Amino acid sequence: MDSVSTLLDSIDGVGRDARRGGYSRPVYSAAESELREWFTAEAGRRGLAVESDRNGILWAWWDVPGIGRRGSLVTGSHLDSVPGGGAFDGPLGVASALAAVDLLRGRGVQPNRSLAVAVFPEEEGSRFGVACLGSRLLTGTLDADRARSLTDADGTTFADASRAAGLDPAGLGRDDEALGNIGDFIELHVEQGRGLIDLDSAVAVGSFVLGHGRWRLSVRGQGNHAGTTLMADRADPMVAAAQIVLAVREAARRQDGARATVGRLTPVPGGTNVIASRVDLWLDVRHPDDAVTAALVETIHGKAQKAAAFEGCSVTLTEESFSGTVAFDPALQRGLANSLGGVPALPTGAGHDAAVLAGVVPSAMLYVRNPTGVSHSPEEYVEREDADAGAAALADVLEDLL
Ligand code: HGY
Ligand code: MN
Ligand code: MN
Ligand code: MN
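Residues numbered from 1 in each chain as written. Chains lettered and ligands numbered in written order. Predicted model: local features only at pLDDT ≥ 70, side-chain atom pairs only at ≥ 80, totals over all residues. Heavy atoms only, no water.

By the naming in an unreviewed UniProt entry, the chain is Allantoate amidohydrolase, taken from Arthrobacter crusticola.

Encoded structure:
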């Protein structure tokens, strides 16, 4: 019987990023693969049968003899991270699921349906650019050919990375059998904002997930020598990119409730004494109203075109992924709140596999308090007692659904 903190302590050193701080655990990297092995071992210690499906999703089964797996109760999250991410985003949900199995066993619960703990690959989209890649493939909400051709910064395709991870890339895609096994899906996740601090509660139920998308802006100019090119003779995409970053902030500030971020900017070729020929910027835009998100991206695109033209450059905008605002299953959400004696319901601006699954199966989320209110950063934190409160809440919820 392990507490959540004990389980998380046992993976604390995996994927530590000395340069960025925090953890960098890209999907199918050595670090994330080590976490998948950790999960397989911990699930095996609990007598759960661990299988990997054709999309690389791990399923640890508490099979109930004579009942089978169709319509089971499934909980879980992800083990991959953003670059320099925190210790809890993803692993808290996986460790809490394992601890909840311990608690259910300790209570002598005899399930009336099978239970599985699932681990989804590439939830962050940090390596291949599309968030919730595993759950989008499972549900068929991402074209498998497009997924296969996604590439990482080194040019490795998702097909090649999947093959290296032991999968057959031709098998990637909607999996009706795996989906048929999910009767209800519950994801426990560290809260990635200040909601639970302000509510003074350790746990909340998820209400909805903000629509969010990712776009790539590529600004093209004239690469040249930093020392021989007079300022008047330049078409410098880095200068246009700087104006675009400012325009993104201005446009979002004018739209109530909008969040727009340029978190990644890559000059090509990227030499100190080189005027870049191209600069790629990645835009993350989120808002509760999908139409507002679309209009905001349109506004940003127009401003980017003006900024590029002013610098003698050109710019293209490519949509990489988009998920509309998702409300979790109201009946399931009410059930969770009742199981927990009426904890509050909380919206979130963070995307989750549970929100992707919500389009196909009844899904719900539990959030656990993060006293820093900071996430996607080494400062992300969960107090040990809140982590245990989260696992106990998950066990309560699962017990009522088993
Ligand atoms: O980007 C997100 O909201 C999530 O952490 N993948
Ligand atoms: Mn997450
Ligand atoms: Mn995240
Ligand atoms: Mn998630």
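What follows continues from the structure just given.
Examining the coordination of the manganese ion (ligand 2)
Looking at the manganese ion (ligand 2), one finds its protein donor set to be H78 (NE2), D89 (OD) and H189 (NE2), positioned 2.1 to 2.2 Å from the metal centre. Sequence spacing of the donor residues for the manganese ion (ligand 2), all on one chain, is H-x10-D-x99-H. In this structure, the manganese ion (ligand 2) lies 3.5 Å from the manganese ion (ligand 3), and both are coordinated by D89. Placement of H78 in strand β3 (residues 72-78) and of H189 in strand β5 (residues 182-190) is noted, with a sequence separation of 111 residues between them. Comparing H78 with H189, the two get one shared label, buried. (Donors = N, O, S within 2.8 Å, 3.2 Å for Na, K, Ca; no water. Helix = DSSP H or I, 4+ residues; strand = E, 2+ residues; numbered from the N terminus. Buried < 20%, exposed > 50% of the residue type's maximum accessible area, 1.4 Å probe, protein only.)

Quick word on the site of ligand 1
As a structural note, the neighbourhood of ligand 1 is formed by E123, E124, R286, A350, G351 and H376. E124 places a polar side-chain atom, nitrogen or oxygen, 3.0 Å from a nitrogen atom of ligand 1. In isolation ligand 1 has 210 Å² of accessible area, and contact with the protein removes 96% of it. Considered class by class, the residues forming the shell around ligand 1 number 1 nonpolar, 2 polar and 3 charged. (Near = heavy atom within 4 Å. Polar contact = N/O pair within 3.5 Å; in protein donor to acceptor, adjacent residues only side chain to side chain. Areas by Shrake-Rupley, 256 points an atom, 1.4 Å probe, with all protein chains shown as cover. Nonpolar A, V, L, I, M, F, W, Y, C, P; charged D, E, K, R; others polar.)

Some details on the coordination of the manganese ion (ligand 3)
Surrounding the manganese ion (ligand 3) are the protein donor atoms D89 (OD), E124 (OE), E124 (OE) and H376 (NE2), at 2.0 to 2.8 Å. The sequence pattern describing where the donors of the manganese ion (ligand 3) fall on their chain is D-x34-E-x251-H. Judged by relative accessible area, E124 falls into the buried class, the value being 6%.

Here we look at the pattern of salt bridges
In total, this model carries 26 salt bridges according to the counting rule given. Residues joined in a network through salt bridges with shared partners are D2, E42, R45, R46 and D102. (Salt bridge = Lys/Arg side-chain N within 4 Å of Asp/Glu carboxyl O.)

Notes on the environment of S377
Structurally, S377 can be placed in the loop between β15 (363-368) and α13 (384-401). In this structure S377 comes out as buried when scored by relative accessible area, which is 13%. Separated by 82 residues in sequence, S377 and A295 have C-alpha atoms that sit 29 Å apart. With residues near it in sequence (within four places) discarded, S377 still touches G84, G85 and G86. (Contact = heavy atoms within 4.5 Å.)

Quick notes on the domain arrangement of the chain
A common way to express how large an interface is: the accessible area buried when the components associate. Segmentation of the chain into domains returns domain 1 (4-210 + 325-401) and domain 2 (211-323). Spacing between the C-alpha centres of domain 1 and domain 2 amounts to 32 Å. Contact with domain 1, which involves 13 residues of that partner, is made by 13 residues of domain 2. Between domain 1 and domain 2, the buried area comes to about 1100 Å², and carbon and sulfur atoms account for 38% of it. (Domains from an automatic or database assignment. Buried area = accessible area lost by both parts, 1.4 Å probe.)

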